[in-house]
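Observations on chain architecture
Here's the letter readout for the chains.
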Amino acid sequence: VQLQASGGGLVQAGGSLRLSCAASGRGAFSRSAMGWFRQTPGKEREFVASINWNSGSTDYAESVKGRFIISRDLAKNTVSLQMNSLKPEDTAVYYCASAPPWARTFREKRSYNYWGQGTQVTVSS
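Residues numbered from 1 in each chain as written. Predicted model: local features only at pLDDT ≥ 70, side-chain atom pairs only at ≥ 80, totals over all residues. Heavy atoms only, no water.

What follows covers the state of the cysteines. Across all of its chains, the model carries one disulfide by this definition. The disulfide bridge from cysteine 21 ends at cysteine 96, spanning 2.1 Å between sulfur atoms. An S-S torsion of about 60 degrees defines the bridge between cysteine 21 and cysteine 96 as right-handed. Placement of cysteine 21 in strand S3 (residues 17–24) and of cysteine 96 in strand S9 (residues 92–99) is noted, with a sequence separation of 75 residues between them. (Disulfide = S-S within 2.5 Å. Helix = DSSP H or I, 4+ residues; strand = E, 2+ residues; numbered from the N terminus.)

Put into structure tokens, the structure is as follows:
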């Protein structure tokens, strides 16, 4: 499975960006959820949001709740992250990830077995 993330960039505080992640390859359609994580230098990669691939139910980190929206397109096999009201502290490399069918919790990195290459998001103050 290959995950290709796109949509990062530079934006001013208060602005918006939309990240997308496309899954391809053998097994690309078999998963329990997809998620977004982010990482800044010297820090652990942290959970941002996840979406259950079957039910569509979503989960968000407290720091982004009410500002970010995760969604999926079953036909295109993609997951997106709409980021609104961006803050400088949202600056990070954002990674998409895919969890295998047997995963049941989606806030932990260990639940995911495939990762995208990361896309940089920079929010200026």
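The strand order across the open sheet formed by four strands is S1-S3-S8-S7, and the pairing between neighbours is antiparallel. Each having just a single partner strand, strand S1 (2–6) and strand S7 (68–73) make up the two edges of the open sheet. Looking at each pair of strands side by side, their axes are set apart by 15 degrees on average, direction ignored. With six bridges joining them, S3 and strand S8 (residues 78–83) adopt antiparallel strand pairing. (Pairing = 2+ DSSP bridges. Axes fitted to C-alpha atoms, helices over the stretch in contact; angles between N-to-C directions.)

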